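Chain residues, written in single-letter form:
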Amino acid sequence: MNPIITSIHGKVVSGKQIGRTIGFPTANLYILSELPKLNYGVYGVIVNWKKERIPGIMNIGIRPTFNDGSEVSYEVHLLDFNNNIYHEEISVDIYFLVRNERIFKDSLELVKQIHSDISYVKGKFLFMDHSSEKDKNHFVSM
Ligand SMILES: Cc1cc2nc3c(=O)[nH]c(=O)nc-3n(C[C@H](O)[C@H](O)[C@H](O)COP(=O)(O)O)c2cc1C
């Protein structure tokens, strides 16, 4: 597998719940490790939960589209995964930047962009070398 940028460890807590209404349920992280020094943006990640490794997409930032003055949030949307990991501790391996966080005209534009971000992340993970990791990986499908 390609080298990671960094890893963070945290607990899944509830967010403002807008994620569910825009169609992308996200696990909001309360960070227990050192805060990563990363630009606000969207990243391709793999979440380690119990013995599983689940591909995901993470937004780190202040969610400027909703302009609610909230502090920095760390949200992960897991790809092709439906288990409830609320209250669980996870670690997140951050592999690559997809794009910087930005302001969208409305939530519809944001949703369109997230669909394209997800395709990009799935494509990248499909082409990464998984040969050193067996069994515990969830693989993405396009
Ligand atoms: C993959 C992904 C990319 C995102 N990119 C942006 C972005 O560029 N700009 C922005 O304002 N919010 C972005 N968001 C944050 C959404 O605004 C956020 O998920 C929404 O406010 C719901 O938050 P909640 O689940 O805490 O309710 C992104 C979220 C995800 C999952």
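Refer to the structure presented above.
Note that the structure is predicted; figures quoted are calculated from it, not measured.

A. Representation of the overall build of the protein. Scanning the protein from terminus to terminus reveals two helices and six strands. The linear arrangement of helices and strands in the protein, starting from the amino end, is β-α-β-β-β-β-β-α. Buried positions account for 23% of the 142 residues belonging to the protein. Of the contacts formed within the protein by residues at least 6 apart in sequence, a portion of 65% connects residues at least 24 apart.

B. Highlighting the sheet that holds strand β4 (residues 52–61). Pairing is antiparallel in the closed barrel, where six strands are placed in the order β1-β2-β5-β4-β3-β6. Within this sheet the neighbouring strands show an average axis-to-axis angle of 45 degrees, counted without direction. Across eight bridges, the pairing between strand β3 (residues 41–49) and strand β6 (residues 89–100) is antiparallel. Its bridge partner being in β6, tyrosine 43 is matched across the sheet by leucine 97. The strands that helix α2 (residues 107–127) touches are β3, β4 and β6; relative to β6, the one it contacts most, it runs at about 110 degrees.

C. α2, seen in detail. For α2, built from 21 residues, the straight-helix expectation of 30 Å at 1.5 Å per residue is met to within 8% by its first-to-last C-alpha distance of 30 Å. Turning to α2, its buried residues are Ile114, Ile118, Val121 and Phe125. With its buried residues spanning 70 degrees around the axis, α2 presents them on a single face. Pointing more than 90 degrees away from the buried face of α2 are the exposed residues Leu108, Glu109, Lys112, His115, Ser116, Ser119, Gly123 and Phe127. The elements touched by buried residues of α2 are β3, β4 and β6.

D. Fine view of the environment of tyrosine 43. Relative to the helices and strands, tyrosine 43 resides in strand β3. When residues no more than four places from it in sequence are discounted, the contact partners of tyrosine 43 are Met58, Ile60, Ile94, Phe96, Leu97 and Val98.

E. Geometry of unusual backbone geometry. Of note in the backbone geometry, aspartate 80 takes a positive phi value of approximately 55 degrees without being a glycine. In this structure, aspartate 80 sits in the loop between β5 (73–78) and β6. Notably, histidine 87 is not glycine yet its phi reads approximately 75 degrees, a positive angle. Take histidine 87: it is sitting in the loop between β5 and β6. A tally of 9 C-beta atoms within 10 Å means that histidine 87 is categorised as exposed.

Conventions used here
- Residues numbered from 1 in each chain as written.
- Predicted model: local features only at pLDDT ≥ 70, side-chain atom pairs only at ≥ 80, totals over all residues.
- Helix = DSSP H or I, 4+ residues; strand = E, 2+ residues; numbered from the N terminus.
- Buried ≥ 20, exposed ≤ 12 C-beta atoms within 10 Å, placed from the backbone.
- Contact = placed C-beta atoms within 7 Å.
- Pairing = 2+ DSSP bridges.
- Axes fitted to C-alpha atoms, helices over the stretch in contact; angles between N-to-C directions.
- Expected span 1.5 Å × (residues − 1).
- Arc of directions from axis to C-beta.

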